[in-house]
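Structural characterization, general
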Number of protein chains: 2
Amino acid sequence: MATNTFLGEFEQMVLLAILQRGENANALEIRRELEASANRKVTKGAFYTTLDRLEKKDYLTWEARPAEKGRGGLPQRHFKVTPEGIAELQKSRDALIRLWRGLDRVLES
Amino acid sequence: MATNTFLGEFEQMVLLAILQRGENANALEIRRELEASANRKVTKGAFYTTLDRLEKKDYLTWEARPAEKGRGGLPQRHFKVTPEGIAELQKSRDALIRLWRGLDRVLES
DNA sequence: CCTTTCGGTCTACAATGTATACCATCAGAG
DNA sequence: CTCTGATGGTATACATTGTAGACCGAAAGG
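Predicted model only: the values in this text are computed from it and were never measured. (Residues numbered from 1 in each chain as written. Chains lettered and ligands numbered in written order. Predicted model: local features only at pLDDT ≥ 70, side-chain atom pairs only at ≥ 80, totals over all residues.)

Section: the relation of the copies chain A and chain B
As a reminder, the rule being used: The copies are overlaid by a least-squares fit using only the C-alpha atoms of residues whose pLDDT is at least 70 in both copies. What counts as a contact is two residues whose backbone-derived C-beta atoms lie within 7 Å of each other.
The transform that puts chain A on chain B rotates by 180° and translates by 0.0 Å along the axis, for an RMSD of 0.1 Å. The transformation just described matches what one would write down for a two-fold rotation axis. Using C-alpha coordinates, one finds that chain A approaches the rotation axis most closely at Glu9(A), a distance of 2.6 Å. An overlap of 100% is found between the interface residues of chain A and their copies at the interface of chain B, pointing to a shared contact surface.

Right, here's the structure in full:
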């Protein structure tokens, strides 16, 4: 795989949303986080496709959790970002922080 | 064309690099900024293609400047981010800042 | 001349982003 | 029991972005 691969912007947001939800990172919560923080409508297709691709690149993993909730008896997927995923997030973040430097006047408000 | 369009991650970096270079935002300088800040190799094809697309979306404009430099007598393109471009950058930045919130321990190192 | 550098264009293809149509399971209404 | 509405997913297809590489002309420098 290309050593020089970068996270797409949506991929990045999905990973961050998973981190934000931590122990509660199931599909529903992650979507809510995205819609709230990124102010962005997320369809199921877009969402699960991206999740699958991130898994294939080893940036996330998941495990099935028996639904403790009275609601549906269905197990839920609980997502986690891998160390590789974290490393990618750091790379993107570092680059952006450097590029934003000094532009506060322009980019704020 | 989606009404809900977002800046790609490379597009975003190109716009930021233009802002960083300000009055010196010609092709060479912008590429240097990208390679330095994003630590990323940028081929001409990738670079100009992205520039063209950003122009088509009205996120940047440019004007030809007679080369005042003794170097080549060639005019240079001087790039500028439009207000629309700035607005997009702000949107992305706001979303990321919200998504990074509280994750410093994880994302710093 | 010849070579290198700057500054670009064109073409093609890979990777990401996104919507829509389906599907199965379970809970509750009737 | 049957119908219906979540919940949670999958499959498919297509649009948008990301990226490389070949090719081009002008001019500087040896």
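Focus on the interface of chain A and chain B
How we decide: Secondary structure counts use DSSP, requiring at least four H or I residues in a row for a helix and at least two E residues in a row for a strand, with both numbered from the N terminus. Residues are grouped as follows: nonpolar covers Ala, Val, Leu, Ile, Met, Phe, Trp, Tyr, Cys and Pro; charged covers Asp, Glu, Lys and Arg; every other residue, Gly included, is treated as polar.
Across the boundary between the two partners, chain A contributes 26 residues, which contact 27 residues of chain B. Those elements that place two or more of their residues in the side of chain A that touches chain B are α1 (9-21), α4 (83-100) and α5 (104-107) of chain A. The biggest single contributor to the side of chain A that touches chain B is α4(A), with nine residues. Within the side of chain A that touches chain B, the residues separate by chemical class into 16 nonpolar, six polar and four charged.

Some thoughts on the nonpolar core
The condition is simple: Among buried residues, those of type Ala, Val, Leu, Ile, Met, Phe, Trp, Tyr and Cys that are joined through C-beta atoms within 7 Å form a set called a nonpolar core. Put simply, a residue is buried when 20 or more other C-beta atoms lie within 10 Å of its own C-beta and exposed when 12 or fewer do; between those, it is partly exposed, and each C-beta is set from the backbone.
Within the largest apolar cluster, 42 residues are counted, with the highest numbers of intra-cluster contacts made by Val14(A), Leu15(A), Ile18(A), Val14(B), Leu15(B) and Ile18(B). With near-sequence residues (within four places) excluded, Ile18(B) lies in contact with Ala25(B), Ile30(B), Leu60(B), Phe79(B), Lys80(B) and Val81(B).

Structural notes on the packing of α1(A) against α4(A)
Residue and element names in this part refer to chain A. Test applied: Axis lines are fitted through C-alpha atoms, for helices just across the contact stretch, and the angle between N-to-C directions can take any value from 0 to 180 degrees. What sets the label is the angle itself: under 35 degrees gives roughly parallel, over 145 gives roughly antiparallel, 65 to 115 gives roughly perpendicular, and the rest give oblique. Helix crossings get a hand from a simple test, with the near helix turned counterclockwise from the far one by less than a right angle marking a left-handed crossing and a clockwise turn marking a right-handed one.
Closest axis-to-axis distance for the α1/α4 pair is 11 Å, and the angle between their directions is 120°. Here α4 runs oblique to α1, going by the angle between their axes. As α1 packs across α4, the resulting crossing turns out to be left-handed. Contacts between α1 and α4 pair Gln-12, Leu-15 and Leu-16 from the former with Gly-85, Leu-89 and Ser-92 from the latter. Residue classes in the contact of α1 with α4 are distributed as three nonpolar, three polar and no charged.

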